[in-house]
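Remarks on the overall topology
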Amino acid sequence: MSDGATSRTDHAPAAAEGGPAHPTGHGGAHPVPQTPSPFAASTLSPAFPRRAPWGTASKLRAWQAEALEQYRRDAPRDFLAVATPGAGKTTFALRVATELLEAGTVRRVTVVAPTEHLKHQWADAAARVGIRIDPSFRNSQGRHGAHYDGVALTYAQVAAKPALHAARTSAAPTLVILDEVHHGGDALSWGDAVRESFEGATRRLALTGTPFRSDTAAIPFVRYDRDAHGIRRSVADYTYGYGDALRDHVVRPVLFLTYSGQMRWRTRAGDEVSARLGEDLTKDLTAQAWRTALDPQGQWVPSVLAAADTRLSEVRRAVPDAGGLVIATDQTDARAYAGHLARITGRSPVVVLSDDDGASSRIEEFADGDARWMVAVRMVSEGVDVPRLAVGVYATSTSTPLYFAQAVGRFVRARRRGETASVFLPSVPHLVDLANAMEVERDHALDRPLTAEEQGEDFTPEDALLAAANREEKASDDGVQGSFEALDAQASFDRVLFDGGEFGTGADVGSEDEQDFLGLPGLLDADQVATLLRQRQASQVSSRSRRAAEADRSELEHRRVAELRKELSQLVSAWARRSGQPHGSVHNELRRRSGGPEVPLATAEQLDARIAVVRGWFVGKR
């Protein structure tokens, strides 16, 4: 199934071959039919075996149909749909747009998206259902061409000229689709601009897969209700969470493979610090160990990339076009990681940098091809559709819940039942907590207790964002730009996180225990994943118990042999003094009588036999 638009319903004309048909609702449109929809949730399975290209699905998923029926029934001016990444928010939104245009409720559609890339993606999807959206509209134009039904904008573009967009919105009945609406609260000025621009809209449809923010900036056109503690929380009109989508096989189950290891770095004071990633450390030490792990010059990164490539090879046995994505902190690291992957795989990966004019085209080329790996900084964000991504490496120091959810969202889009996603993480407690909370529903909370700095008279949400960024940067490098020096980073397999559980007991990179998890089949449903993980866990625990028992026995044997060697040496020395024979002659005689190798290689039984011979000599048994 697609995350894109659906085709026309039966009462709408199909798009003509060679170009999209114009919606019939533009003048003389008939109303939306009130008869039960053929897309009613009760008549559809929640997902389908294969996933259509973005914007071409011919039927609705069960949740989309249910949300659409609710929208038709309530006819709200504002509607917030929260659906996990990959569930099909775009399909739902464009079906709503199609019906509103055909009914004559609106005559224009404005889509607001986070990035330029998503503007074009929305326009392409809309075109497939007969809605003409101009993704290249610029504020300087003032108005879109008459042959378009609307425009696609970025939030930054709206913030740059809100009065223009307010006038455009008021000029004709308009549906405004706010994609990933949480971006409307990125700063006070952005939120005000979105509100000013679209206050006069006939209908507003807000979409998000991550309805939470780390600040308390209100998101425009979102309703907030007070909970039992008096804190205002965002209220969605329809919610379809990751847990729901996983049960419906709409998204993939995600395995998080975490890697620890010993890190060593030098502080600005010249002190060398050594710590194990994932141990209970202070915030600063954790951040510095994390930064050391991500250093391209250490061994942690290439070890984890090699493990991820091994996992990708296993997945591609069942899913031949499966791809991998490495998310880097900055462009320097991204290029270095690409170099490691080229050496590991023998092929250069696709590299996507945010300041590169060809970034969007390279993403599309990668999405449509079968190359193994792509390395990106922040270009691959929410909504970017690369459904064949199945393996990810989270090699970035960004750790906000929002960014983490968006990053993981790149891998959960299901094309057919049984596909799994595998994301490799540093063993950082905060990331582990986020991974374990994948299925937790979140709402955006206002009125939370403010920090001391937030309580200042001139505080604004922009100040909070800046302060948070500064705090994160300080924690990541001890406040000493350029003076931090990573010295050594070794990787070791830690454990697998899945469905709130932890599996594995730690292992060396390249060990059989690590391979047990890297070699999980590429096609498994969630129940099969859980069963296999439990089996591997039990097998490894049993194997470790056996090895521990064998080690204990070996240690006891070693001690017994050492004691026997000491006893034999003392007896040989005593006999040599009594008989006047050299030590070497005595040992040779013992070897002749009892057999076996020289003393250093003799077993406990062979040493026992020689001791018995010497003791016999002392009592006259020659």
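Anyway, here's the lowdown on the structure attached to this text. Source: prediction; values computed, not measured.

A short note on the overall build of the protein
Summing up its helical and strand segments, the protein has 18 helices and 20 strands in all. Across the protein, contacts joining residues at least 24 apart in sequence account for 75% of those joining residues at least 6 apart. Carbon and sulfur atoms form 49% of the exposed surface of the protein, whose accessible area is close to 27100 Å².

A look at the pairing of strand 11 (residues 272-277)
The sheet contact formed by strand 10 (residues 254-266) and strand 11 spans six bridges and is antiparallel. For G261, the partnering residue across the bridge sits in strand 11 and is L277. Counting the residues in the hairpin turn of strand 10 and strand 11 gives five residues, including G270, whose phi is positive at 90°.

Examining the packing of aromatic side chains
Using the criterion set out here, one finds 13 aromatic pairs in the structure. Where W63 meets Y240, the ring centres are 5.3 Å apart and the plane angle is 15°; that geometry is what we call stacked. A residue pair is termed long-range when its members are at least 10 positions apart, and W63 in helix 1 (residues 62-74) and Y240 in strand 9 (residues 238-240) qualify at 177 residues. Take W63 and Y240: they sit in the same class, and that class is buried. Aromatic side chains F79 and F92 sit 6.0 Å apart centroid to centroid with 45° between the ring planes, which places their arrangement in the tilted category. Taken together, the residues span a long stretch of sequence, with F79 in strand 1 (residues 78-83) and F92 in helix 2 (residues 89-103) at a distance of 13 residues. Considered together, F79 and F92 belong to a single accessibility category, that of buried residues. In this structure an aromatic cluster arises from ring pairing among W63, Y71, F79, F92, Y238 and Y240. Geometry around F137 places R168 over its ring, the cationic atom sitting 5.1 Å from the centre.

Let's talk about the sheet that holds strand 6 (residues 203-208)
Taken in spatial order, the seven strands line up as 3-4-2-5-6-1-9 in an open sheet, and their pairing is parallel. Looking at which strands have only one partner, the edges of the open sheet turn out to be strand 3 (133-134) and strand 9. Note that strand 3 and strand 4 (residues 150-154) share two bridges and pair parallel. Residue pairing across strands places I133 opposite G150, the latter belonging to strand 4.

Quick look at empty space enclosed by the protein
All told, the structure shown has four cavities of 30 Å³ or more when counted by the stated rule. By volume, the second largest cavity is sized at about 80 Å³. Lining the second largest cavity are 13 residues, with H249, V251, P253, G418 and E419 sitting closest to its centre. A class-by-class count of the residues in the lining of the second largest cavity yields six nonpolar, two polar and five charged.

Considering the pattern of salt bridges
Should the charged atoms of two oppositely charged side chains come close, the side chains can pair. This structure, assessed with the given rule, holds 22 salt bridges. Among the ionic pairs, E502 bridges to R495, the shortest N-O distance being 3.0 Å. The partly exposed category is assigned to E502, whose relative accessible area is 41%. Among the salt bridges present, the one from R615 reaches E567, with a minimum N-O distance of 2.1 Å. On the criterion of sequence distance, the pair formed by R615 in helix 18 (residues 604-618) and E567 in helix 16 (residues 526-579) is long-range, its members being 48 residues apart. The class of R615 is partly exposed, set by a relative accessible area of 47%.

A word on the packing of helix 9 (residues 300-318) against helix 10 (residues 331-345)
At their nearest, the axes of helix 9 and helix 10 sit 10 Å apart, and the two run at 50° to each other. Accordingly, the angle class assigned to the pair helix 9 and helix 10 is oblique. Of the two elements, helix 9 crosses helix 10, and the hand of that crossing is right-handed. Contact residues: V301, P302, L305, A306 and D309 in helix 9; Y337, H340, L341, I344 and T345 in helix 10.

So, the nonpolar core
F92, W300 and F424 are the most contacted members of the largest nonpolar core, which totals 124 residues. Ignoring anything within four residues of it in the chain, the contact list for F92 reads W63, Q64, A67, L68, F79, A81, L205 and L207.

Side note on the packing of helix 17 (residues 583-594) against helix 18
At a closest axis distance of 10 Å, the pairing of helix 17 and helix 18 adopts a crossing angle of 115°. Between helix 17 and helix 18, the interaxial angle falls into the category roughly perpendicular. Two packed elements cross with a definite hand, and for helix 17 against helix 18 that hand is right-handed. Between helix 17 and helix 18, the residues in contact are V586, E589, L590, R591, R593 and S594 and A609, R610, V613, V614 and W617, respectively. Its residues assigned to classes, the contact of helix 17 with helix 18 shows six nonpolar, one polar and four charged.

Details of a negative patch on the surface
The grouping of D124, E364, E365 and D368 at the surface amounts to a negative patch. The element contributing the most residues to the negative patch is helix 11 (residues 359-368), with three residues. With respect to the secondary-structure elements, D124 resides in helix 3 (residues 116-127). Given a relative accessible area of 43%, D124 falls into the partly exposed group.

A closer look at unusual backbone geometry
For A75, which is not glycine, the phi dihedral falls at a positive 45°. Here A75 shows up in the loop between helix 1 and strand 1. A75 gets classed as partly exposed once you look at its relative accessible area, which sits at 39%. Although it is not a glycine, F221 sits at a positive phi angle of roughly 65°. Topologically, F221 is positioned in the loop between strand 6 and strand 7 (223-226). Here F221 falls in the buried class, since its relative accessible area comes to 13%.

Quick notes on helix 13 (residues 429-436)
Residues of helix 13 that are buried include every one of L431, V432, L434 and A435, and no others. Looking straight down helix 13, one finds its buried side chains confined to an arc of 160°; they lie on one side.

Comments concerning the environment of L294
Tracing the backbone through its elements, the reader meets L294 in helix 8 (residues 283-294). For the pair L294 and A489, spaced 195 residues apart in sequence, the C-alpha to C-alpha distance is 8.5 Å.

Thresholds applied
- Residues numbered from 1 in each chain as written.
- Predicted model: local features only at pLDDT ≥ 70, side-chain atom pairs only at ≥ 80, totals over all residues.
- Heavy atoms only, no water.
- Helix = DSSP H or I, 4+ residues; strand = E, 2+ residues; numbered from the N terminus.
- Contact = heavy atoms within 4.5 Å.
- Areas by Shrake-Rupley, 256 points an atom, 1.4 Å probe, with all protein chains shown as cover.
- Pairing = 2+ DSSP bridges.
- Phe/Tyr/Trp six-rings, centres within 6.5 Å; stacked < 30°, edge-to-face > 60°.
- Buried < 20%, exposed > 50% of the residue type's maximum accessible area, 1.4 Å probe, protein only.
- Lys NZ or Arg CZ within 6 Å of the ring centre and 35° of its normal.
- 1 Å grid on protein atoms, 1.4 Å probe; cavity = no way out; pocket = protein on both sides within 12 Å on 5 of 7 lines; lining within 4 Å.
- Points joined across faces, edges and corners; volume = space filled by probe spheres on them.
- Nonpolar A, V, L, I, M, F, W, Y, C, P; charged D, E, K, R; others polar.
- Salt bridge = Lys/Arg side-chain N within 4 Å of Asp/Glu carboxyl O.
- Axes fitted to C-alpha atoms, helices over the stretch in contact; angles between N-to-C directions.
- Parallel < 35°, antiparallel > 145°, perpendicular 65-115°, else oblique.
- Left-handed = near helix turned anticlockwise from the far one by under 90°.
- Core = buried A, V, L, I, M, F, W, Y, C linked by side-chain atoms within 4.5 Å.
- Patch = residues over 30% accessible without salt bridge, like charges linked within 9 Å, V, L, I, M, F, W, Y side chains within 5 Å.
- Lys, Arg positive; Asp, Glu negative; His and termini not counted.
- Charge placed at Lys NZ, Arg CZ, Asp CG, Glu CD.
- Arc of directions from axis to C-beta.

Shape is all these values report; function is a separate question.
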